[in-house]
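Chain by chain, the residues run as shown.
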Amino acid sequence: MRRLNKGCVAPVLLALSFLMIFYGAMDGEAAIVLRKATKICLECIGVG
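Cut-offs and rules
- Residues numbered from 1 in each chain as written.
- Predicted model: local features only at pLDDT ≥ 70, side-chain atom pairs only at ≥ 80, totals over all residues.
- Heavy atoms only, no water.
- Helix = DSSP H or I, 4+ residues; strand = E, 2+ residues; numbered from the N terminus.
- Areas by Shrake-Rupley, 256 points an atom, 1.4 Å probe, with all protein chains shown as cover.
- Patch = residues over 30% accessible without salt bridge, like charges linked within 9 Å, V, L, I, M, F, W, Y side chains within 5 Å.
- Salt bridge = Lys/Arg side-chain N within 4 Å of Asp/Glu carboxyl O.
- Buried < 20%, exposed > 50% of the residue type's maximum accessible area, 1.4 Å probe, protein only.
- Expected span 1.5 Å × (residues − 1).
- Disulfide = S-S within 2.5 Å.

For the protein chain, the count of helices and strands is two helices and zero strands. Per element, the accessible surface of the protein chain, about 4800 Å² overall, is 72% carbon and sulfur.

So, on to a nonpolar patch on the surface. Side chains of Val 9, Leu 13, Leu 16 and Met 20 sit close together on the surface and give an oily, nonpolar patch of about 380 Å² of accessible area. On the secondary structure map, Met 20 appears in helix H1 (residues 6-27). Looking at Met 20, the relative accessible area reads 58%, which means it is exposed.

We now examine helix H2 (residues 29-44). Here H2 contains 16 residues, and its C-alpha end-to-end distance of 23 Å stays within 8% of the 22 Å for a straight helix at 1.5 Å per residue. Judged by how many residues are buried, H2 sits mostly at the surface: zero of 16 residues are covered. Among the residues trailing H2, Gly 46 stands out with phi positive, at a value near 90 degrees.

Moving on to the state of the cysteines. Counted according to the given criterion, the structure contains zero disulfides. With no disulfide partner, Cys 41 has as its closest neighbouring cysteine sulfur the one in Cys 44, 6.1 Å distant.

Right, dumping it as structure tokens:
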């Protein structure tokens, strides 16, 4: 079994994470997360 070089794993994971963040932003997930976070925070302080 071939061992992966640690120097090549980090850039691949970094690129994959940027692609996933970009996809989520284009899909509208940021707005959904913000809406849920706002609702939870308002419920915690007793406003919502």
